[in-house]
Amino acid sequence: MKRPLAGSLLLLAVVAGCGADPAQDTSGSKELEVLYRVEPTWPHLEKMLTGAKKQYEATHPGVTVKLTAVQGTNEAYYTKLALLNRSPDSAPDVYYHDTFQVNADVAAGKLAPLDDYLAKWPDWSSQFPDSVKQAAMGGDGKVYGVPISTDTRGLWYQKDVFTKAGLPVPWEPKTWNDVLTAARTIKQKVPGVVPFAMYSTKIHGEASTMQGFEMLLYGTPGGTLYDETQKKWVAGGKNFTDALTFVNTIYREELGPKQADAHNAKLGDKITLEWFPTAKLGISLDGAWASSAWKATGTKPWPEWTEKMGWTPMPTQNGEPPGAVSMSGGWVIAMSAYAKNKQEAFDFITVATSKENSTVYSVGTGDLTARKDVAADPKYSEGNPSIKFWTDLASVTHYRPAFEEYPKVSTEIQKAMEAVTTGAQTPEEAAAAYVKGLPAAVGGPDKVLAR
Amino acid sequence: MTVATAPQSPPVTSPPQRGPARRGVLRWLLPLGPALLILAVFLAGPILWSVYIAFTNETLTGSASVNSQFVGVANFVKLFGDPTFLNSFFLTFVFVIGSAVIGQNTLGLIIALLQRGRGRVTRSVVNGVVIAAWVVPEVVAAACWFSFLAEEGTLNTVLGIQQEWLYTAPMVAVILANIWRGTAFSMLVYSAALSEVPADLVEAAAVDGAGPGRRLLHITLPLIRRSIMANLMLITLQTLASFGLIYALTGGGPGTASQTTPLYMYEQAFRYFEIGYGSAIALVMLVIGALFSLIYLRLIKVEDA
């Protein structure tokens, strides 16, 4: 019978964690398994790790590094990692980890604290700024990963499109309305061009929440997902509805990508590889990394990008101080609590996040570096005039409330965004649905602050 | 099959011979032992475990993944109050009826009927084409249909229009794709069944003046009714569980417009990491599959009576 078989396959996958791998062989040599993400248009991490493996094995005889790639989007990577982490037999020793997932994994006991090792690593105190050290800090104040990147978010715009639309270049929007007005002008004056692109559907996962929704919400007066003073999650309210209204306006007035593109997992590639270089897109709400594809070493070399592209901060709703908003997150290299050879695993992390390898990673991905020495290296900012702008956005940036419940809150937000993207719900209805779903996501109505 | 039907065997009149029977059972059981053990460990074990998980708040990560708790029927209460689940349930029903019961079943029967008495070459070509669609993996089939229905795809190019089929009519798209892919199975079942229909019976009816329609309705279909029921049961169960095709074609979207129950279960269990809730959904699907089987088996019995 089909059903029980499918059910048991599902369970086998969970129990066995998709194929256990004997981490140790009997000859006495040690093996470290490193899990990471790769995509055809995003080979940068693999390139860096392959180099780190060579360097590490040369200086650590008797230890081999096994690089295990997960092909696909961030969402596919989170799922694969969570499944592998179900069992000590299948859990990788070292892995690339999104900071917003760290606290949930700390609560689940999947991650090893690194403080004792970090205390003996001179780079940690000399090269990592204190703000960056918080990136992977658990609720217990211990550090659970070494940051490999950080980021900020803002608006990219195509100057040719702006010129054709009769819009000023450089463009400095002061309010959401300025952004919408520019998008409407493009729609009217330059037909065939997508005026404004943003991520707003479930398929884009955390990108929709962070680059999309939170860039709006944290730009409203007092807008936040979590009330720090009362230690409660904020249920909807006017800020929330206003942010959804912006998304709704984009799609109802057809200022955004077509529905087919809004739901296409490859929207990011379309934006950077197709639409911007061919002047088919006016504005995009995205992050610092977007330009990495256009470098000579990128997937779509576009030498003119430094003249054709503009960048400007995302304004607050009505220009409230500080006038701009940004969100920051980033990725760390973390160590599994199940790792058998912890010292070796930590040594590999220090190699992967060394100055040399961090530079390779940052130059490739366009993410902002976590290290002071890399930031000071001319190689880092070479050929990328936008780096200073994105780095300076740190002065207005916000961090996600990266508690254990955050990933679930994020999925509730994605549902609300997708509902207004397709037009299935009005902003008010979608916000009401969020208010209804929030208590279950955060573990009870006592953790929710009604607005 | 877990179908409880009343045994209609006559009452046992003579007392069972205990000694030899027991030795017989042992002789029968010993060689089967390893197989039974493997079944218990790899099939029954996971199923029972999944039933248990469905009554907990187990997650893939977070504190609930280390101390998951027994929550009774909470998952099921949540499930039946969840509009997204009810929507997925409705879509699954539409998908099964549309693509399997009506689409694959009818089309398979029509192709099998049309092929009767055709030349070997025609049959080979038609069989080849239909079966080719069946043997390609789900994901490949989905990729074919994606490129056919995409905005710059074959269909729009041929028709010379701009239409986002996968977003304006996602259910139609996945139903068509599943009919395309699955018709071969029904066709093969019916070809085999039709070859068993005695030709002289059909000829006799023709001589008596019955037209093609009446011959089909009163001679052919009643003779192959068991095959029809068996086929319906198999393709229903197969379609209920269909995942890869829809996932690759529309991902359940836009929104939840083509999110059938297996996709909803995947989203809950593996995107949102709610393994307990996901298992509860799987359990409900298992019951639905069993119910469908029961209905079909009952129909066969009624027909036989």
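Because the structure is a prediction, the values reported are computed rather than measured.

### Some details on the packing of aromatic side chains
Residues and elements named next belong to chain A. Evaluation of the coordinates by the stated rule reveals 48 aromatic pairs over all chains. Relative to W305, the ring of W294 has its centre 5.6 Å away and its plane inclined at 45 degrees; by these criteria the two rings are tilted. Placement of the pair is W294 in the loop between strand 9 (281–287) and helix 14 (305–308) and W305 in helix 14, with a sequence separation of eleven residues. Taken individually, W294 and W305 each receive the classification buried, so the pair is uniform in this respect.

### Structural notes on the sheet that holds strand 13 (residues 330–335) of chain A
Residues and elements named next belong to chain A. Pairing within the open sheet is mixed, and its five strands lie in the order 2-1-3-13-4. Two strands in the sheet have a free side with no partner beyond their single neighbour: strand 2 (63–71) and strand 4 (146–150). Each adjacent strand pair in this sheet contributes to an overall mean axis angle of 25 degrees, direction not counted. Pairing analysis gives four bridges linking strand 4 to strand 13, with the strands arranged antiparallel. Counted as the bridge partner of P147 is V332 from strand 13. Sheet contacts for helix 4 (residues 99–107): strand 3 (94–98) and strand 13; angle to strand 3, the most-contacted strand, approximately 115 degrees. This element, helix 15 (residues 342–352), spans strand 1 (30–38), strand 2, strand 3, strand 4 and strand 13 of the sheet and lies at about 155 degrees to strand 13.

### Quick word on the interface of chain A and chain B
On the chain B side, the residues contacting the 36 residues of chain A number 40 residues. Surface buried jointly by chain A and chain B totals about 3400 Å² across both partners, of which 65% is contributed by carbon and sulfur atoms. Our count for the contact surface shared by chain A and chain B stands at three salt bridges. The closest approach of N and O atoms between E267 of chain B and K202 of chain A, which form a salt bridge, is 3.1 Å. Our count for the chain A to chain B interface comes out at eleven residue pairs in polar contact (both at pLDDT 80 or more). For the side of chain A that touches chain B, the element with the highest residue contribution is helix 1 (residues 2–16) of chain A, accounting for ten residues. Grouping the amino acids of the side of chain A that touches chain B by side-chain chemistry returns 15 nonpolar, nine polar and twelve charged.

### Focus: the environment of D227 of chain A
Residues and elements named next belong to chain A. Assignment of secondary structure puts D227 in strand 7 (residues 226–227). Spatially, the C-alpha atom of D227 lies 38 Å from that of D347, the residues being 120 residues apart in sequence. When near neighbours in sequence (up to four residues on either side) are disregarded, D227 contacts K232, V234, L449 and R451. Reaching out from D227, the side chain makes a polar contact with the backbone nitrogen of Q230 at a distance of 2.9 Å.

### Some details on the pairing of strand 1 of chain A
Taken residue by residue, a regular strand's side chains alternate between the two faces of the sheet. Residues and elements named next belong to chain A. For strand 1, a buried count of seven out of nine residues is recorded, marking the element as mostly surrounded by other parts of the structure. Crossover strand 1 to strand 2 through helix 2 (residues 44–59) is right-handed. Bridge count for strand 1 against strand 3 is two bridges, and the pairing is parallel. Among the inter-strand pairings, L35 is bridged to a residue of strand 3, identified as Y95.

### Some words on unusual backbone geometry
Residues and elements named next belong to chain A. Residue V169 is joined to P170 through a cis peptide bond whose omega torsion reads 0 degrees. The topology assignment puts P170 in the loop between helix 8 (159–164) and helix 9 (176–189). A cis amide bond links P321 to the next residue, P322, at an omega of 5 degrees. Note that P322 resides in the loop between strand 11 (314–315) and strand 12 (324–328). Here the phi dihedral of K231 falls at roughly 55 degrees; this positive angle occurs in a residue that is not glycine. Position of K231 among the secondary structure elements: in the loop between strand 7 and strand 8 (232–235). K231 sits in the exposed class, given a relative accessible area of 55%.

### Structural notes on the confidence of the model for chain B
Per-residue confidence for chain B gives a mean pLDDT of 86, with 91% of residues at or over 70. Scored as a whole, the predicted complex attains pTM 0.83, and scored at its interfaces, ipTM 0.81.

### Side note on the nonpolar core
The nonpolar side chains of soluble globular proteins are, as a tendency, buried together. Formed by 115 residues in total, the largest nonpolar core has its most connected members in Y96, F196 and F348 of chain A. Beyond its immediate chain neighbours, meaning those up to four positions away, F348 of chain A contacts L32, V34, L49, A52, K53, Y56, V65 and V94 of chain A. Formed by 36 residues, the second largest nonpolar core is a distinct cluster that contains L79, A193, I224 and I235 of chain B.

### Focus: the domain arrangement of chain B
Residues and elements named next belong to chain B. Each assigned domain of chain B is listed here: domain 1 (30–73) and domain 2 (76–302). Put simply, the middle of domain 1 and the middle of domain 2, counted by C-alpha atoms, are 31 Å apart. Summed over both sides, the interface of domain 1 with domain 2 buries roughly 930 Å², with 73% coming from carbon and sulfur. On the surface where domain 1 and domain 2 come into contact, there are zero salt bridges.

### Considerations on the layout of surface pockets
Here the second largest pocket defines a volume of roughly 1200 Å³. In terms of lining residues, the second largest pocket is bounded by 42 residues, among which I203, H263, N264 and A265 of chain A together with Y167 of chain B are the most central. When contributions to the lining of the second largest pocket are tallied by element, the ones reaching two or more residues are helix 3 (74–84), helix 12 (259–262) and helix 13 (267–275) of chain A together with helix 5 (138–149), helix 7 (165–168), helix 12 (244–249) and helix 13 (261–271) of chain B. Broken down by class, the residue content of the lining of the second largest pocket amounts to 17 nonpolar, twelve polar and 13 charged.

Calculation rules
Residues numbered from 1 in each chain as written. Chains lettered and ligands numbered in written order. Predicted model: local features only at pLDDT ≥ 70, side-chain atom pairs only at ≥ 80, totals over all residues. Heavy atoms only, no water. Phe/Tyr/Trp six-rings, centres within 6.5 Å; stacked < 30°, edge-to-face > 60°. Helix = DSSP H or I, 4+ residues; strand = E, 2+ residues; numbered from the N terminus. Buried < 20%, exposed > 50% of the residue type's maximum accessible area, 1.4 Å probe, protein only. Pairing = 2+ DSSP bridges. Axes fitted to C-alpha atoms, helices over the stretch in contact; angles between N-to-C directions. Contact = heavy atoms within 4.5 Å. Buried area = accessible area lost by both parts, 1.4 Å probe. Salt bridge = Lys/Arg side-chain N within 4 Å of Asp/Glu carboxyl O. Polar contact = N/O pair within 3.5 Å; in protein donor to acceptor, adjacent residues only side chain to side chain. Nonpolar A, V, L, I, M, F, W, Y, C, P; charged D, E, K, R; others polar. Right-handed = clockwise from strand over helix to strand, strands pointing away. pLDDT = per-residue confidence, 0-100. Core = buried A, V, L, I, M, F, W, Y, C linked by side-chain atoms within 4.5 Å. Domains from an automatic or database assignment. 1 Å grid on protein atoms, 1.4 Å probe; cavity = no way out; pocket = protein on both sides within 12 Å on 5 of 7 lines; lining within 4 Å. Points joined across faces, edges and corners; volume = space filled by probe spheres on them.

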